[in-house]
Amino acid sequence: MANAENISLPDLAETGPEVTINGTKIPSTPEGMAVAYSSLVLMALLPIFFGAFRSVKHHQEQKNDENAQLETMTHRDAAMFPIYASCALFGLYVFFQIFSKEHINLLLTGYFFFLGVLALAHILGPVVNSLLPAAFPNRKYHLKFFEGDGEIMEDVIDYQFDRRDLVTLAICGLTGVWYLWKKHWIANNLFGLAFSVNGVELLQLNSVLTGCILLGGLFIYDIFWVFGTNVMVTVAKSFEAPIKCKLRILLACLMNNCITLAAIPHASCRHGSQSWITIQ
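None of these values were measured; they are calculated from a predicted model.

(A) Up close: the pattern of salt bridges. Tallied over the entire structure, the rule returns one salt bridge. For the salt bridge of Glu201 with Arg54, the shortest nitrogen-to-oxygen distance reads 2.9 Å. Remark: Arg54 occurs in helix 2 (residues 30-64) and Glu201 occurs in helix 6 (residues 185-202); sequence separation between them is 147 residues. Classification of Glu201 as buried rests on a relative accessible area of 4%.

Put into structure tokens, the structure is as follows:
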């Protein structure tokens, strides 16, 4: 893969739509830029669209389940969310300043591996169930874990699953191993989109006003940490985890009557914050 210098969207706007590879400037075409920006917009909107539909279904299932407790975000939770996010972001920034970036990313990679496998399994479960044949030897299992003894016993884990769920978990586990081994951009995007869909699905708001408070607070959060400080950019550049989607941009140029396609990795779009393109 050819190497190119780092270019951000503001730089791209100033220098023109071109990329330098091995000292040669290759101008991008309107088609290539359209593909790039369309992909970024789609990866931002699709998780919201599908997550919203899954959220309605999840809410109805909770209503129909008499034992389930409906958990919704209140006005106070929405107002405190940007503060919690700011503490987490600044904490990561401090860690990256004190400890080795490689060691921190090693711990975070293992952490997001397990979270990513579970999040992807939650999304792909219905799809895998529909693809498995009716003759599949399915059996159900019930996992229980109690705390205490006698009359004061309390359920800590009460989870039911079957062999179809185990097949889904195995498929998602292979995707996780692929991500650990290669850090491939497709595996990264699968985990990132799974996190996004699950986040929208499980985020239950009790009113429109709560959503406005949440979005308004996150807007101020983004403006401050992205444009007011270098914290967000530093963490985003140092953080190696599937919290941002990567895209291969095809930059087409006409050279000697031939179409040359430069496949550039690491075009990043972080959900819920500033978008930029990084060409390496």
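(B) A look at the layout of surface pockets. A volume near 1,100 Å³ is recorded for the second largest pocket. If you trace the second largest pocket, you find 26 residues lining it, with His122, Tyr159, Gln160, Phe161 and Asp165 closest to the centre. The element contributing the most residues to the lining of the second largest pocket is helix 4 (residues 101-131), with eight residues. When its residues are assigned to classes, the lining of the second largest pocket shows 10 nonpolar, eight polar and eight charged.

(C) Geometry of the side chain of Asn198. Residue position: Asn198 is located in helix 6. The residues contacting Asn198, other than those within four sequence positions of it, are Ala119, His122 and Ile123.

(D) The packing of helix 3 (residues 75-98) against helix 8 (residues 231-238), seen in detail. Interaxial distance between helix 3 and helix 8 falls to 9 Å at its minimum, and their mutual angle equals 65°. Here helix 3 and helix 8 pass one another in a crossing that is left-handed. Listed contacts from helix 8 to Leu89, Phe90, Leu92, Tyr93, Phe96 and Gln97 of helix 3 are Val231, Met232, Thr234, Val235 and Ser238. Class assignment of the residues belonging to the contact of helix 3 with helix 8 gives a composition of eight nonpolar, three polar and no charged.

(E) Inspection of the nonpolar core at higher detail. Grouped together as the largest cluster of nonpolar side chains are 14 residues, with contacts concentrated most on Leu89, Trp225, Val231, Met232, Val235 and Phe239. Elements represented by at least two residues in this core include exactly helix 3, helix 4, helix 7 (208-228) and helix 8. In this view, Trp225 contacts Ser86, Leu89, Phe90, Val231 and Met232; residues no more than four positions away in its chain are not counted.

(F) Spatial organisation of unusual backbone geometry. Here Lys183, not a glycine, exhibits a phi torsion of approximately 50°, which is positive. Inspection of the secondary structure assignment puts Lys183 in the loop between helix 5 (163-182) and helix 6. The exposure class assigned to Lys183 is partly exposed, which follows from its relative accessible area of 35%.

(G) Expanded view of the confidence of the model for the protein chain. This prediction gives the protein chain a mean pLDDT of 77; 75% of its residues lie at or above 70. Here residues 1-17 is a poorly scored stretch, pLDDT under 50, and it has 36 contacts once near neighbours within four places are set aside; other chains count. Counted against residues more than four places away or in other chains, residues 248-280, with its pLDDT under 50, gives 101 contacts.

(H) Summary view of helix 6. Taking 1.5 Å per residue as the helical rise, helix 6 with its 18 residues ought to reach 26 Å, and the 26 Å between its terminal C-alpha atoms agrees with that figure. Turning to helix 6, its buried residues are Ala187, Asn188, Asn189, Phe191, Gly192, Ala194, Ser196, Val197, Asn198 and Glu201.

How each quantity is defined
- Residues numbered from 1 in each chain as written.
- Predicted model: local features only at pLDDT ≥ 70, side-chain atom pairs only at ≥ 80, totals over all residues.
- Heavy atoms only, no water.
- Salt bridge = Lys/Arg side-chain N within 4 Å of Asp/Glu carboxyl O.
- Helix = DSSP H or I, 4+ residues; strand = E, 2+ residues; numbered from the N terminus.
- Buried < 20%, exposed > 50% of the residue type's maximum accessible area, 1.4 Å probe, protein only.
- 1 Å grid on protein atoms, 1.4 Å probe; cavity = no way out; pocket = protein on both sides within 12 Å on 5 of 7 lines; lining within 4 Å.
- Points joined across faces, edges and corners; volume = space filled by probe spheres on them.
- Nonpolar A, V, L, I, M, F, W, Y, C, P; charged D, E, K, R; others polar.
- Contact = heavy atoms within 4.5 Å.
- Axes fitted to C-alpha atoms, helices over the stretch in contact; angles between N-to-C directions.
- Left-handed = near helix turned anticlockwise from the far one by under 90°.
- Core = buried A, V, L, I, M, F, W, Y, C linked by side-chain atoms within 4.5 Å.
- pLDDT = per-residue confidence, 0-100.
- Expected span 1.5 Å × (residues − 1).

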